[in-house]
Amino acid sequence: MTPLEQEIRRLIAIDGPIPVARYMALCLGHPVHGYYRHRDPFGAGGDFVTAPEISQMFGELIGLWAAAVWQQMGTPSPVRLVELGPGRGTLMADALRAAKVLPAFRAALQVDLVETSPHLRQHQQTALEGAGVPLAWHDAIEDVPDGPAIVIANEFVDALPVQQLVRQPRGWHERMVGIDADGRLAFALSPDPLPHIERILPPGLRDAPLGAVFEWRADHLATELGRRAAAGSVALIVDYGHARSAPGETLQALRAHAYADPLDSPGDADLTAHVDFEALGRAAAVAGARIFGPIEQATFLRRLGIAERAAALKQRATEPQRRQIDAALARLTDTVSATAMGRLFKVMAIAPPELAALPAFDNDG
Ligand code: SAH
């Protein structure tokens, strides 16, 4: 039994079953035993591989996107380039290198990294200390000073806790984590339906069948990004999820590149749930933002010129490197199945209402 499971059992013994969102928050963010506090989840030896770890092209194109957005914002100086959950710092390092094509942008930049893991902060420091831009770390986006900013979040929102609501005859009940008759951690439903559910539930879900599950993420982040957008900032959210709110259960655990039981070994596996982009966009729009997308990752990267970038890189590459570039390009833009990265991953921008267009979103805003 993991140390975190012991602690969760103690909590349940005192208070009764805990909501799934609380369980997820503990698994990922517990100050000592949380997954992101004590593990390096990335790469072949880790639990999953993210787009910036697949290829430098991903971060480079986002760096060029940010430079173009900065021009559309009216070249504010200074400007903050903020990244939420920067992992190993790879995306930011690649983005800053690519942004050298616009020296005035680089010169105006202050980089803010929102990261709770001390271990990953170390990685980020190592990746970025030579970049020649001022760096600062924060625990939460609310701690990043106001002012013009471009915010990037790749595979960040999926790690924010979701609440699971299950349709029953008397209404929607919150799914909880408790202890079953055999003494194991197990899912259970709260005995009473949630009051005031219409505040959370999208209209299309009101008639969902019995047993339907709806995952709801508290909208603090969307509200905060919407507030900043209303004041002139732009945010780019890249993550796996669905464009429209829909019933379905997507809470999953990943360990060593394989799916695992979310209740098994809490704190030792990554726990995520798909992003509901419609809900995210609606919350940001209510706070005053204009929403672009979501569009599929493949569309976003192709419009930014990933094929041309791959061709340019290949010209200076050895044969094995060429094969690697082709494989990375295929993986990032694959749309063959609904779970292929280019299709499952969506890109949304949260922007000031007065911005008429954004690079890569021109046809979808
Ligand atoms: N963006 C990176 C890493 C994705 S993993 C990439 O694409 O490779 C999620 C990242 O978010 C990790 O850096 C993790 O430590 C961080 N993180 C998770 N929950 C967080 C929270 N609540 N606040 C700040 N950072 C968080």
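Quick caveat: nothing in here was measured; it's all calculated off a predicted structure.

S.K.: Before we go on, may I ask you to explain the overall build of the protein chain in this structure?
M.R.: A tally of helices and strands in the protein chain yields 14 helices and 16 strands. In terms of overall size, the protein chain behaves like a compact globule, its C-alpha atoms giving a radius of gyration of 21 Å where 365 residues would be expected to give roughly 21 Å. Taken across its 365 residues, the protein chain has 52% of its residues classed as buried. Working note: accessible area of the protein chain is about 15,700 Å², and carbon and sulfur atoms make up 53% of it. Taking the average location of the 34 positive side-chain charges in the protein chain and that of its 43 negative ones, the two points are 4 Å from each other.

S.K.: Looking at this structure, I do not really get unusual backbone geometry. What am I missing?
M.R.: In most cases, non-glycine residues show a negative phi, while peptide bonds are predominantly trans. Note the cis peptide between S77 and P78, where omega equals 0°. Tracing the chain through its elements places P78 in the loop between α5 (56–72) and β2 (79–84). One non-glycine residue, T75, lies in the positive phi region at around 50°. Mapped onto the secondary structure, T75 falls in the loop between α5 and β2.

S.K.: What is the right way to look at the sheet that holds strand β13 (residues 270–272) in this model?
M.R.: By way of backbone hydrogen bonds, the strands of a sheet pair with one another, either parallel or antiparallel. A sheet is described by the order of its strands in space; here three strands give the open sequence β12-β11-β13, paired in antiparallel fashion. A strand with exactly one partner marks an edge of an open sheet, and here the two such strands are β12 (258–260) and β13. Put simply, the sheet's adjacent strands are angled 40° from each other on average, direction ignored.

S.K.: Please explain the side chain of Q252 as it appears in this structure.
M.R.: Considering the arrangement of structural elements, one finds Q252 in strand β11 (residues 252–255). Those residues in contact with Q252 that sit more than four places away from it in its chain are Y240, Y259, D270, L271 and T272.

S.K.: How should I be thinking about the packing of helix α1 (residues 3–15) against helix α2 (residues 20–29) in this particular structure?
M.R.: Put simply, α1 and α2 touch, their axes get as near as 11 Å, and they point 150° apart. When the interaxial angle is binned, α1 and α2 end up roughly antiparallel. Considering only the axes of α1 and α2, their crossing is right-handed. The residues of α2 that touch α1, namely those facing L4, I8 and L11, are R22, Y23, L26 and C27. The residue inventory of the contact of α1 with α2, partitioned by class, reads six nonpolar, no polar and one charged.

S.K.: I tried to follow the site of the ligand on my own but got confused; where do I start?
M.R.: Taken together, 16 residues are adjacent to the ligand, and T50, G85, G87, E115 and N154 come closest. Here an oxygen atom of the ligand and a side-chain polar atom of T50 are 2.5 Å apart. Burial of the ligand by the surrounding chains reaches 90%, relative to a free accessible area of 570 Å². Grouping the constituent residues of the shell around the ligand by class yields seven nonpolar, six polar and three charged.

S.K.: I'm lost on helix α10 (residues 277–286) in this one. Help?
M.R.: Given 3.6 residues per helical turn, the α-helix brings residues three or four places apart onto the same face. Taken together, the buried positions of α10 are occupied by F277, L280, G281, A283 and A284. Taken around the axis of α10, the buried residues stretch over an arc of 165°, which confines them to a single face. In this structure, the buried side of α10 is in contact with α9 (220–230), β10 (234–242), β14 (275–276), β15 (290–296) and β16 (345–351). Taking the backbone nitrogen of E278 as reference, a side-chain oxygen 3.3 Å away marks D276 as the first, capping residue of α10. Backbone geometry just downstream of α10 places G288 in the positive-phi region, at approximately 115°.

S.K.: Looking at this structure, how should I read the layout of surface pockets?
M.R.: Unfilled space is identified by rolling a water-sized probe across the atoms. Approximately 900 Å³ is the volume found for the largest pocket. If you go around the largest pocket, you meet 40 residues; those closest to its centre are G85, T116, F156, A159 and L160. No other element matches α2, which puts four residues into the lining of the largest pocket. Of the voids in this model, the second largest pocket is the one considered here, and its volume is about 540 Å³. In this structure, the second largest pocket is lined by 19 residues; those nearest its centre are V49, Y240, L254, Y259 and F345. Mapped onto the lining of the second largest pocket, the elements with two or more residues apiece are β11, β13 and α14 (341–344). Taken together, the residues of the lining of the second largest pocket sort by class into nine nonpolar, five polar and five charged.

About the thresholds
- Residues numbered from 1 in each chain as written.
- Predicted model: local features only at pLDDT ≥ 70, side-chain atom pairs only at ≥ 80, totals over all residues.
- Heavy atoms only, no water.
- Helix = DSSP H or I, 4+ residues; strand = E, 2+ residues; numbered from the N terminus.
- Rg over C-alpha atoms; globule rule 2.2 N^0.38 Å.
- Buried < 20%, exposed > 50% of the residue type's maximum accessible area, 1.4 Å probe, protein only.
- Areas by Shrake-Rupley, 256 points an atom, 1.4 Å probe, with all protein chains shown as cover.
- Lys, Arg positive; Asp, Glu negative; His and termini not counted.
- Charge placed at Lys NZ, Arg CZ, Asp CG, Glu CD.
- Pairing = 2+ DSSP bridges.
- Axes fitted to C-alpha atoms, helices over the stretch in contact; angles between N-to-C directions.
- Contact = heavy atoms within 4.5 Å.
- Parallel < 35°, antiparallel > 145°, perpendicular 65-115°, else oblique.
- Left-handed = near helix turned anticlockwise from the far one by under 90°.
- Nonpolar A, V, L, I, M, F, W, Y, C, P; charged D, E, K, R; others polar.
- Near = heavy atom within 4 Å.
- Polar contact = N/O pair within 3.5 Å; in protein donor to acceptor, adjacent residues only side chain to side chain.
- Arc of directions from axis to C-beta.
- 1 Å grid on protein atoms, 1.4 Å probe; cavity = no way out; pocket = protein on both sides within 12 Å on 5 of 7 lines; lining within 4 Å.
- Points joined across faces, edges and corners; volume = space filled by probe spheres on them.

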